[in-house]
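Breakdown of the fold
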Protein chains: 2
Amino acid sequence: MTVRGENLIGAQARRGTQAAFRGIEAATGQTLEPDFPGASLDDLDRACALAEAAFDTYRETNPEARAAFLETIAANILDIGDDLVTRCIQETGLPRPRIEGERARTVGQLRLFAGVLREGSAFEIRIDPALPDRKPLPRPDLRLRKVALGPVAVFGASNFPLAFSVAGGDTASALAAGCPVIVKAHPAHPGTSELVGRAIQKAVAASGLPEGVFSLLFDAGQSIGQGLVADLRIAAVGFTGSRRGGTALVEIAAKRPRPIPVYAEMSSINPVLLFPGALAARGEAIGRAFAASLTLGAGQFCTNPGLLLAVPGPGLDAFLASATAALRESPAATMLTPGICRAYGDSVARLAGHAAVTRLAEGPEGSATQGRAALFATDSDAFLSEPELQEEMFGAAALVVRCPDLAAIRKVLEHLEGQLTASLHITPDDHAAVRDLLPLLERRVGRILVDGFGTGVEVAHAMVHGGPYPATSDGRTTSVGSLAIDRFLRPVSYQDLPDALLPAALQEANPLGLPRRIDGTLERR
Amino acid sequence: MTVRGENLIGAQARRGTQAAFRGIEAATGQTLEPDFPGASLDDLDRACALAEAAFDTYRETNPEARAAFLETIAANILDIGDDLVTRCIQETGLPRPRIEGERARTVGQLRLFAGVLREGSAFEIRIDPALPDRKPLPRPDLRLRKVALGPVAVFGASNFPLAFSVAGGDTASALAAGCPVIVKAHPAHPGTSELVGRAIQKAVAASGLPEGVFSLLFDAGQSIGQGLVADLRIAAVGFTGSRRGGTALVEIAAKRPRPIPVYAEMSSINPVLLFPGALAARGEAIGRAFAASLTLGAGQFCTNPGLLLAVPGPGLDAFLASATAALRESPAATMLTPGICRAYGDSVARLAGHAAVTRLAEGPEGSATQGRAALFATDSDAFLSEPELQEEMFGAAALVVRCPDLAAIRKVLEHLEGQLTASLHITPDDHAAVRDLLPLLERRVGRILVDGFGTGVEVAHAMVHGGPYPATSDGRTTSVGSLAIDRFLRPVSYQDLPDALLPAALQEANPLGLPRRIDGTLERR
């Protein structure tokens, strides 16, 4: 498959008419062929018109048809073969095993939502049958289902060129819900985006769906993204990226005549709590595991372990000895874009220059496009009084906060903003202390994990990749895992409709075979 | 039980220190004893501090304990006996059967949520067991549950002094979710509010719960309400009232350093579609039923049928003849407050003075505290071009829009803002036309009903009392029915936690007996 630098607008592929940009080979900083001229506002308007026109048909396709559609997308992505992997490696600088793994994850995610559709609980079918003889008033027949919100704007993420980009989690869950999707491609991997976009476009056609179910727009600037969120035909937004970018979209959405939900996954430093028992028992091993997690993918994960909390002592010393040794040997790694690399360098330099911070370790110097690992330390008093120490550094850098005791760890956690994850390293000796902190952690984060690190977000039914503001703009949801479909659904109730007028999902005979709650109780089948 | 004019702050009852107000006998306009001095910002701070202190304990009470607590509240409300009904009638001017019915509804609602707690699905327990041998990487043990958001601010509604006020739907669903509640009483029924508040306060004590689970604050002005929504200890807001009031709260919530969800049910004119077949078959009967629905409770329902759409003809003539005849004989009715009565009079006068509108009927004149029914007519061209014709008139007034054909009805619906309900009056002859409009209706409203009117919102599992903006500020939810609990919950995921550290809801042995989804499939029990 060739990359042509074209926007995909419904069934069409056409080059934009606005300022062009190119992909950049992450490792070398060299520009890649071809040009990607940006989409025009007319292109945006046409994509929205097609999505709007497709919506009523697409949302009423039966779940099996949408499941098969998602599986076709997955198959088409695999069919691109090595062209996709190669282009993706070029554009992101991520190593081949990571890209191949991420492709598997992307395909697995599409298939997971196919399963969610076949299982059917997501549509929350509820039937309260009429009680014509009830006193003082009869009860009407009431039936509830969840329906798709409407066309969804998805913003590709720089750091997951496949799994959180054109056919990533937001797209998969929105399409599963019955929402057409318009993706604004991330300019850091335009070729990858086009290839995956064509896989979806082909699946739309092969599945006999209205062309407006999917469009893909390129723009090096912000007018297409902002225009999408402001367009009255768009009903929800999925975004993974910076806090500044996410809050800007939230503001645009709130100012519309009809505000819409924005699911922005924005910023997290993912506290790691090193409990005394665990440090004493295996401080050195945890230090090594930490260094591996911190440097994975050049540290470019929203779940990267950016903050470590621990009480000083021989255990912490052992941890730091092995972590710093590992980081000093951890090769500098190519970052996703020159801009990200620069921003990472700036944030590390800012922290290094902070009066209350000392540098514990630094990785070997790399090329101009590479980031080097870094580990810093401060104490809890400084952390509590200096808000900038809480800022995310997007890359392989972390800050150790030395806390005099567990009470100080609690204070730091109370002071923290909302986070995606918290990791606890523990032994049975630490259980009492952990139990004491768990309620606080539950209020601060979306996922609590033991003896591991937040990187490696399993795509599963019980996953929450979300968390209180500003980890996300809407802490009531997850953007990874099967529950993510719920973001793009809303309930509608039908009262006393004749069976012939009810949607198939609610008809008495249950032609779609959906799980149903009758008078509040799940039907046995 | 005596009304004392006291704020209820946790276990305490104490008179406020700010400007006092009194209840007003709706029928006479006379003030009622006692004074209600407003709560101070110190009172607000104390209520929030108590709620915050209660939260971690309360949210982890087991579902059975919370169910029993809700049932105790229900019993305590009934135990107040006729004092409550009498005071409520005085303060609202609503007739005794309505108040008794509303009390039954309120009690039934609390019991419904007790049932929801015992059934347990709302907590969405999901377990994806570890797969230690999975290749290329083992899968961790993942467990998900929904947890309570945090302390909730509830604003009492003027038009449901029991069912959407101190112990109403928002309070019942928030308490069920595990959220402490601070109610800002509606100043239109302070005595009713205090009596019900004491019933809850008593139940908190009798159930051995932390006192901060419930507080009730009075304020004739807006500083307590605004302060509540801005307070960082408050995690969500439930509101039923005007569009202006609701959007003001949404703005305060969005400007917080940590924005929070606001569930505001705000404004709806509830289109009624009179299809040709139904009008021909039974126009006269529908006209009578419409007049009864319009004038119920002096028209003071958010689901009041304020807009009728029909194609002119003998059927519509018959409808209008019976509707106008019934409305002309429908006695003027006491409105909830002098302010509401004045606002209603103003909105009717504004419509009557509109060049494109004719008055079809007016009810008999009443006293200064009473509203008279009114029916107006315009045509679809005027309706489409004059945005003010779409404004809600809170009271027993409606506007008939004559549409030349079904295509014009569609245009009017496309032009409408989001609504709580749409009512369709049909015969089998109309099915094709209805089928054509249903997709549009699903996008505009929260509940579609056939051969009835939106008034009479059943408290049930399949009810949606919600709808796209501006019917509500968040169209993804319902404020009536068991699904309302979901507004106050968020998912948290637990990865590889030892069983001893897991919350009871997620422990392997399932000590709470909750329904669980294992690897995506609901467990058979």
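Residues numbered from 1 in each chain as written. Chains lettered and ligands numbered in written order. Predicted model: local features only at pLDDT ≥ 70, side-chain atom pairs only at ≥ 80, totals over all residues. Heavy atoms only, no water.

If you look chain A up in an unreviewed UniProt entry, it shows as 2,5-dioxovalerate dehydrogenase from Methylobacterium pseudosasicola. In its Sequence similarities (unreviewed entry) section, the UniProt entry covering chain A states "Belongs to the aldehyde dehydrogenase family." (UniProt positions renumbered as here; feature names shortened; annotations may be inferred.)

Once that is clear, we can look at helix α6 (residues 190-206) of chain B. Spacing of three or four residues puts side chains on the same side of an α-helix, whose turn is 3.6 residues. Residues and elements named next belong to chain B. When the terminal C-alpha atoms of α6 are compared, their 24 Å separation across 17 residues agrees well with the 24 Å that a helix rising 1.5 Å per residue should span. In terms of burial, α6 is a largely internal element, 14 of the 17 residues being buried. The first or second residue beyond α6 is G208, which carries a positive phi of 70°. (Helix = DSSP H or I, 4+ residues; strand = E, 2+ residues; numbered from the N terminus. Expected span 1.5 Å × (residues − 1). Buried < 20%, exposed > 50% of the residue type's maximum accessible area, 1.4 Å probe, protein only.)

Residues and elements named next belong to chain B. Across all of its chains, the model carries 16 aromatic pairs over all chains by this definition. For the ring pair F36 and F218, a centre distance of 4.6 Å and an interplane angle of 55° mean the geometry is tilted. Of the two residues, F36 sits in strand β4 (residues 31-38) while F218 sits in the loop between β9 (214-217) and α7 (223-230), which places them 182 residues apart along the sequence. On the basis of relative accessibility, which here comes to 0%, the residue F36 falls in the buried class. Accessibility expressed as a relative area gives 1% for F218, which makes it buried. Measuring from centroid to centroid gives 5.6 Å for Y263 and F488, while their planes differ by 85°, and the two rings are edge-to-face. Of the two residues, Y263 is situated in strand β11 (residues 262-265) and F488 in the loop between β20 (445-450) and β21 (489-495); the sequence distance between them amounts to 225 residues. (Phe/Tyr/Trp six-rings, centres within 6.5 Å; stacked < 30°, edge-to-face > 60°.)

Quick look at the interface of chain B and chain A now. Contacts between the two partners involve 73 residues from chain B and, on the opposite side, 74 residues from chain A. The tally of links from chain B across to chain A stands at 14 salt bridges. Here E458(A) ties to R134(B) by a salt bridge, and the two come within 2.6 Å at their closest N and O atoms. Across the chain B-chain A interface, the total number found is 46 residue pairs in polar contact (both at pLDDT 80 or more). Within the residue set of the side of chain B that touches chain A, elements represented by two or more residues are α1 (41-59), β5 (125-128), β6 (142-148), α14 (431-444), β20 and β21 of chain B. Here three bridges tie strand β20 (residues 445-450) of chain A to β21(B), and the two strands are oriented parallel to one another. Within β21(B), the residue paired with R447(A) across the bridge is S493(B). (Contact = heavy atoms within 4.5 Å. Salt bridge = Lys/Arg side-chain N within 4 Å of Asp/Glu carboxyl O. Polar contact = N/O pair within 3.5 Å; in protein donor to acceptor, adjacent residues only side chain to side chain. Pairing = 2+ DSSP bridges.)

Sheet architecture is open: twelve strands sit in the order β15(A)-β17(A)-β18(A)-β13(A)-β12(A)-β19(A)-β20(A)-β21(B)-β6(B)-β5(B)-β22(B)-β23(B), paired in mixed fashion. Single-partner strands in this sheet number two, and they are β15 (358-362) of chain A together with β23 (521-522) of chain B. Summarising the sheet, strand β19 (residues 419-425) of chain A and β20(A) pair through five bridges and their orientation is parallel. Across the sheet, residue S423(A) finds its bridge partner in β20(A), namely L449(A). Along the sheet face, helix α13 (residues 406-415) of chain A touches β12 (271-274), β13 (307-310) and β18 (397-402) of chain A and points at about 150° away from the line of β13(A). (Axes fitted to C-alpha atoms, helices over the stretch in contact; angles between N-to-C directions.)

All names here are of chain A. Counting buried residues in strand β17 (residues 374-379) gives five out of six residues, a clear majority hidden from the surface. Sheet analysis places β15 next to β17, joined by four bridges and oriented antiparallel. Paired with E362 across the two strands is A374, which belongs to β17. Sheet topology places β17 next to β18; six bridges connect them, and they run parallel. The residue of β18 that forms the bridge with L375 is A398. For the crossover from β17 across helix α12 (residues 380-385) to β18, the handedness is right-handed. (Right-handed = clockwise from strand over helix to strand, strands pointing away.)

As a further point, take unusual backbone geometry. Residue P470(A) is bonded to the preceding Y469(A) through a cis peptide linkage, with omega at 0°. The residue P470(A) is located in the loop between β20 and β21 (489-495) in this model. Cis peptide bonds are those with omega within 30 degrees of zero, and the linkage from E33(B) to P34(B) qualifies with -10°. You will see that D451(A), though not glycine, has its phi angle at about 55°, which is positive. Structurally, D451(A) can be placed in the loop between β20 and β21.

On to the domain arrangement of chain A. All names here are of chain A. When cut into domains, chain A gives domain 1 (7-266 + 476-487) and domain 2 (271-450). Using C-alpha coordinates to define each centre, domain 1 is positioned 33 Å away from domain 2. Taken together, both faces of the contact between domain 1 and domain 2 bury some 1,100 Å²; the carbon and sulfur share is 59%. Three residues stand out in domain 1 for area buried against domain 2, namely A26, N159 and E265, and they jointly supply 32% of the buried area on that side. A salt bridge links R243 to E417; the nearest nitrogen and oxygen atoms lie 2.9 Å apart. At the surface where domain 1 touches domain 2, the tally comes to four residue pairs in polar contact (both at pLDDT 80 or more). Here the residues of the side of domain 1 that touches domain 2 sort into seven nonpolar, six polar and four charged. (Domains from an automatic or database assignment. Buried area = accessible area lost by both parts, 1.4 Å probe. Nonpolar A, V, L, I, M, F, W, Y, C, P; charged D, E, K, R; others polar.)

What follows is about the packing of helix α3 (residues 82-92) of chain B against α6(B). Residue and element names in this part refer to chain B. At a closest axis distance of 8 Å, the pairing of α3 and α6 adopts a crossing angle of 155°. Between α3 and α6, the angle is such that the two are roughly antiparallel. Helix-helix and strand crossings are classified by hand; for α3 and α6 the assignment is left-handed. Facing α3, whose interface residues are D83, L84, R87, C88 and E91, α6 presents P190, G191, T192, L195 and V196. (Parallel < 35°, antiparallel > 145°, perpendicular 65-115°, else oblique. Left-handed = near helix turned anticlockwise from the far one by under 90°.)

All right, on to the UniProt feature "domain: Aldehyde dehydrogenase" (unreviewed entry) in chain A then. Within this numbering scheme, the UniProt entry marks residues 23-330 of chain A as carrying the feature "domain: Aldehyde dehydrogenase" (unreviewed entry). Annotation note: span residues 23-330 of chain A, helix share 50%, strand share 16%, distance between end C-alpha atoms 28 Å.

Once that is clear, we can look at the pattern of salt bridges. Scanning all chains against the criterion turns up 76 salt bridges over all chains. When the shortest N-O distance is used, the salt bridge between R145(A) and E442(B) registers 2.7 Å. On the criterion of chain membership, the pair formed by R145(A) in strand β6 (residues 142-148) and E442(B) in helix α14 is interchain, its members lying in two chains. On the accessibility criterion, R145(A) (6% relative accessible area) is buried. A salt bridge links R233(A) to D231(A), with the shortest nitrogen-to-oxygen separation between them at 2.9 Å. Given the relative accessible area of 14%, D231(A) is considered buried. When salt bridges with common partners are traced through the structure, they connect E52(A), D56(A), R59(A), E60(A), R145(A), E442(B) and R443(B) into a single cluster.

Here is the key point about a regular strand: its side chains alternate between the two faces of the sheet. Pairing of strand β3 (residues 18-24) of chain A with strand β4 (residues 31-38) of chain A, which is carried by five bridges, proceeds in the antiparallel orientation. Its bridge partner being in β4(A), A20(A) is matched across the sheet by P37(A).

At an RMSD of 0.0 Å, chain B and chain A line up after a rotation of 180° and a shift of 0.0 Å along the axis. On this basis, the relationship between the two copies can be described by a two-fold rotation axis. The rotation axis passes nearest to the C-alpha of A254(B) in chain B, at a distance of 4.3 Å. Most of the interface of chain B is mirrored in chain A, where 100% of its interface residues again form contacts. (Least-squares fit on C-alpha atoms with pLDDT ≥ 70 in both.)

In terms of nonpolar packing, the biggest core is built from 271 residues, with L375(A) and L375(B) touching the most fellow members. Excluding residues that lie within four positions of it along the chain, L375(A) makes contacts with F290(A), L308(A), L320(A), A323(A), T324(A), L327(A), T358(A), R359(A), L360(A), A361(A), A398(A) and V400(A). (Core = buried A, V, L, I, M, F, W, Y, C linked by side-chain atoms within 4.5 Å.)

Here we take up the side chain of Q201(B). Residues and elements named next belong to chain B. Secondary-structure assignment places Q201 in helix α6. For Q201, the side chain forms a polar contact with the main-chain oxygen of Q12, separated by 3.0 Å. In this view, Q201 contacts L8, G10, A11, Q12, A13 and F214; residues no more than four positions away in its chain are not counted.

All names here are of chain A. With respect to the element layout, G241 can be found in the loop between β10 (236-240) and α8 (243-255). For the pair G241 and G366, spaced 125 residues apart in sequence, the C-alpha separation works out to 25 Å. Excluding anything up to four places from it in sequence, G241 contacts E265 and M266.

As summarised here, the arrangement of the twelve strands in space is β23(A)-β22(A)-β5(A)-β6(A)-β21(A)-β20(B)-β19(B)-β12(B)-β13(B)-β18(B)-β17(B)-β15(B), forming an open sheet in which the pairing is mixed. This sheet does not close on itself; its edge strands, each paired only once, are β23 (521-522) of chain A together with β15 (358-362) of chain B. Against the sheet, α14(B) contacts β6 and β21 of chain A together with β12 (271-274), β19 (419-425) and β20 of chain B, and its axis sits at roughly 145° relative to β20(B).

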